[in-house]
Amino acid sequence: MKIDEIQIRVRYGETDQMGVVYHGNYALYLEMGRIEWLRKLGVSYKSMEEKGIMLPVVSLNINYKKSAGYDDVINVKTQLKKVPTAKIEFEYEITNKKGELLTTANTTLVFIDMKTNRPTRAPQYLLDLINS
């Protein structure tokens with residue numbers, strides 16, 4: 001399935017008193033990876049919302065292997081797990097500049113119709129882009 005990678009430099013405010021990235025910030029890194037994955041596909045969260053679709057996270061699983069610290073450059077690899085239905089699933093790997101695996105993760109998001117506030121199928125325009 002389609003894969004995208006981004007690089008992020010860890011900011012001081014993202015670290016804890018021990019000088020390592022605070023565990024909660026990894027969810028933000030995953031979101032950044034997911035947003036860029038969609039953007040490079042040709043879709044933005046903003047455009048989806050303008051078309052009446054929200055995409056909330058319903059599941060988040062993170063496995064921490066090694067720490068990242070202040071000023072480290074990390075690579076977030078985002079991969080679509082399978083063709084979306086009413087949900088879309090991503091897998092992630094975060095590595096450091098040396099290529100060491102820091103974190104693995106997966107998320108599940110659900111397509112929500114903003115008018116009904118109910119789950120709906122993935123928009124056809126998104127499926128078309130994924131299958132192209």
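Keep in mind the model is a prediction, meaning the values are calculated, not measured. (Residues numbered from 1 in each chain as written. Predicted model: local features only at pLDDT ≥ 70, side-chain atom pairs only at ≥ 80, totals over all residues. Heavy atoms only, no water.)

Draft legend 1. View of the pairing of strand S4 (residues 73-80). With 6 of 8 residues buried, S4 lies mostly within the body of the structure. Where strand S1 (residues 3-9) meets S4, 7 bridges bridge the pair, whose relative direction is antiparallel. Counted as the bridge partner of Arg 9 is Val 73 from S4. As consecutive antiparallel partners, S4 and strand S5 (residues 87-95) are separated by 6 residues. (Buried < 20%, exposed > 50% of the residue type's maximum accessible area, 1.4 Å probe, protein only. Helix = DSSP H or I, 4+ residues; strand = E, 2+ residues; numbered from the N terminus. Pairing = 2+ DSSP bridges.)

Draft legend 2. Up close: the pattern of salt bridges. Following the criterion strictly, the structure yields 9 salt bridges and no others. For Arg 11, the salt bridge goes to Glu 14, with nearest N and O atoms at 2.5 Å. The class for Arg 11 is exposed, based on a relative accessible area of 54%. Notably, a salt bridge pairs Lys 81 with Glu 89, separated by 4.0 Å at the nearest N-O pair. By relative accessible area, Glu 89 is classed as buried at 11%. Because the salt bridges share partners, they merge into one network encompassing Lys 81, Lys 82, Lys 87 and Glu 89. (Salt bridge = Lys/Arg side-chain N within 4 Å of Asp/Glu carboxyl O.)

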